Amino acid sequence: QVQLVESGGGLVQAGRSLRLSCAASGSIFSRNAMGWYRQAPGKSRELVAILSSAGVTTYAESVKGRFTISRDNARNTVYLQTDSLRPEDTAVYYCNLKNYESGWSELANYWGQGTQVTVSS
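Residues numbered from 1 in each chain as written. Predicted model: local features only at pLDDT ≥ 70, side-chain atom pairs only at ≥ 80, totals over all residues. Heavy atoms only, no water.

**Q** Explain the environment of Val78 to me, and be specific about the residues and the numbers.
**A** By the secondary structure assignment, Val78 is in strand E8 (residues 77-82). Judged by its relative accessible area of 0%, Val78 falls in the buried class. A C-alpha to C-alpha distance of 13 Å links Val78 and Lys98, two positions 20 residues apart in sequence. Those residues within four positions of Val78 in sequence are excluded, and the remaining contacts are Leu20, Ser21, Cys22, Met34, Trp36, Ile69, Ser70, Arg71 and Cys95. (Helix = DSSP H or I, 4+ residues; strand = E, 2+ residues; numbered from the N terminus. Buried < 20%, exposed > 50% of the residue type's maximum accessible area, 1.4 Å probe, protein only. Contact = heavy atoms within 4.5 Å.)

**Q** Can you break down the pairing of strand E3 (residues 18-26) residue by residue, with the values?
**A** As paired strands, strand E1 (residues 2-7) and E3 are joined by six bridges and run antiparallel to one another. Its bridge partner being in E3, Glu6 is matched across the sheet by Cys22. Where E3 meets E8, six bridges bridge the pair, whose relative direction is antiparallel. Looking at the pairing, Arg19 lines up with Gln81 of E8. (Pairing = 2+ DSSP bridges.)

**Q** Outline the state of the cysteines, listing residues and values.
**A** In the structure shown here, the tally under the stated rule is one disulfide. A sulfur-sulfur separation of 2.0 Å characterises the disulfide bridge that pairs Cys22 with Cys95. Across the S-S bond linking Cys22 and Cys95, the dihedral sits near -85°, which makes this disulfide left-handed. Here Cys95 lies in strand E9 (residues 91-100) and Cys22 lies in strand E3, a separation of 73 residues in the sequence. The same class applies to Cys22 and to Cys95, which are both buried. (Disulfide = S-S within 2.5 Å.)

**Q** Now, about the pattern of salt bridges: what can you tell me, with residues and values included?
**A** Applying the stated rule across the entire model yields five salt bridges. Between Glu46 and Arg38 there is a salt bridge whose closest N-O contact spans 2.7 Å. Exposure remark for Glu46: the relative accessible area of 38% places this residue in the partly exposed category. For the salt bridge of Asp89 with Arg38, the shortest nitrogen-to-oxygen distance reads 3.0 Å. Taken together, the positions of Asp89 in the loop between E8 and E9 and Arg38 in strand E4 (residues 32-39) put the pair 51 residues apart, joining distant regions of the chain. For Asp89, a relative accessible area of 1% puts it in the buried group. Several salt bridges converge on common partners, so that one network encompasses Arg38, Glu46, Arg66 and Asp89. (Salt bridge = Lys/Arg side-chain N within 4 Å of Asp/Glu carboxyl O.)

**Q** Which residues make up unusual backbone geometry, and what values go with them?
**A** As a rule of thumb, non-glycine residues mostly have phi less than zero, and peptide bonds are mostly trans rather than cis. Its identity is not glycine, yet Asn76 carries a phi of approximately 50°, on the positive side. With respect to the helices, strands and loops of the structure, Asn76 is situated in the loop between strand E7 (67-72) and E8. Since its relative accessible area comes to 29%, Asn76 is described here as partly exposed.

In structure tokens form, the structure reads like this:
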């Protein structure tokens, strides 16, 4: 089992920044990916950014150039630096961790409780 604890959400004006953090604990495999998804009211959950233990990064097109994902493997923590925030970035942001077996097949998928990000215009 894996526990994910998020922090860093809040209310900001458009154009400002926030830094989200997510600390993981528990059974974390050496092959894993940590990242962020978000869900706005009335919409489905979508990928924001994810970074694998192999260093592969994927961003949603809508956040490329504005958001930066990074991780501290020693602390099992992933960060999301969100710059130039827009009202359409308003959503609940969920931390995610995926454990993979040796062939990079997904074995387990874990979610944090979510942190609200609200961007006012």
